[in-house]
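Here is what each chain is made of, one letter per residue.
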Amino acid sequence: ADTDKEAKFVDPVEMRTELRDDSLRLTLWMRQAHDDFLACGDSGTSSPLEVWIDEAERRIWFLYETARYPRDAG
């Protein structure tokens, strides 16, 4: 279990890193689901997943960059 969920303070960079990692896992799951839906010929379900994957990848990039260059880094 993640103990930081109960902490009174979590470092913002750690928070962004954890959210990025969670988004990476979600993206991997969505890619697998997308491939499975395409294999079944279900383009109606795979199409929205393409949009969500794109959004998640943008979020991952943003979180990666903001964790690399925190505002208070001097």
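For the structure itself, consult the block above.
Cut-offs used in this document
- Residues numbered from 1 in each chain as written.
- Predicted model: local features only at pLDDT ≥ 70, side-chain atom pairs only at ≥ 80, totals over all residues.
- Heavy atoms only, no water.
- Helix = DSSP H or I, 4+ residues; strand = E, 2+ residues; numbered from the N terminus.
- Buried < 20%, exposed > 50% of the residue type's maximum accessible area, 1.4 Å probe, protein only.
- Contact = heavy atoms within 4.5 Å.
- Areas by Shrake-Rupley, 256 points an atom, 1.4 Å probe, with all protein chains shown as cover.
- Core = buried A, V, L, I, M, F, W, Y, C linked by side-chain atoms within 4.5 Å.
- Polar contact = N/O pair within 3.5 Å; in protein donor to acceptor, adjacent residues only side chain to side chain.
- Expected span 1.5 Å × (residues − 1).

### Some details on the overall build of the protein
The helix and strand tally for the protein stands at two helices and zero strands. Taking all 74 residues of the protein together, 22% fall into the buried category. Put simply, of all contacts in the protein between residues at least 6 apart along the chain, 55% involve residues at least 24 apart. As presented, the protein carries roughly 5800 Å² of accessible surface, and 57% of it is formed by carbon and sulfur atoms.

### Topic: the nonpolar core
Counting five residues, the largest nonpolar core is built from M30, A33, L49, I53 and A56. Those elements giving two or more residues to this core turn out to be helix 1 (12-39) and helix 2 (43-68). A per-element tally of this core places helix 2 first, with three residues. Once residues lying within four places of it in the same chain are set aside, the contact partners of I53 are T27, M30, R31 and H34.

### Brief notes about the side chain of S46
Among the secondary structure elements, S46 is positioned in helix 2. Reaching out from S46, the side chain makes a polar contact with the backbone oxygen of S43 at a distance of 3.3 Å. Among residues more than four places away in sequence, those in contact with S46 are H34, F37 and L38.

### Regarding helix 1
Helix length check: helix 1, at 28 residues, gives a terminal C-alpha distance of 40 Å against a target of 40 Å (1.5 Å per residue), a fit within 8%. Every buried residue of helix 1 is listed here: R20, S23, T27, M30, A33 and H34. Residues of helix 1 that are buried sit in contact with helix 2. G41 occupies a position one or two residues after helix 1 and carries a positive phi of about 80°.

### As for the side chain of T27
Mapped onto the elements of the fold, T27 is located in helix 1. Owing to a relative accessible area of 6%, T27 belongs among the buried residues under this scheme. Within the structure, T27 has its side chain in polar contact with the backbone oxygen of S23 (distance 2.8 Å). Discounting chain neighbours no more than four positions away, the residues touching T27 are I53, A56, E57 and I60.

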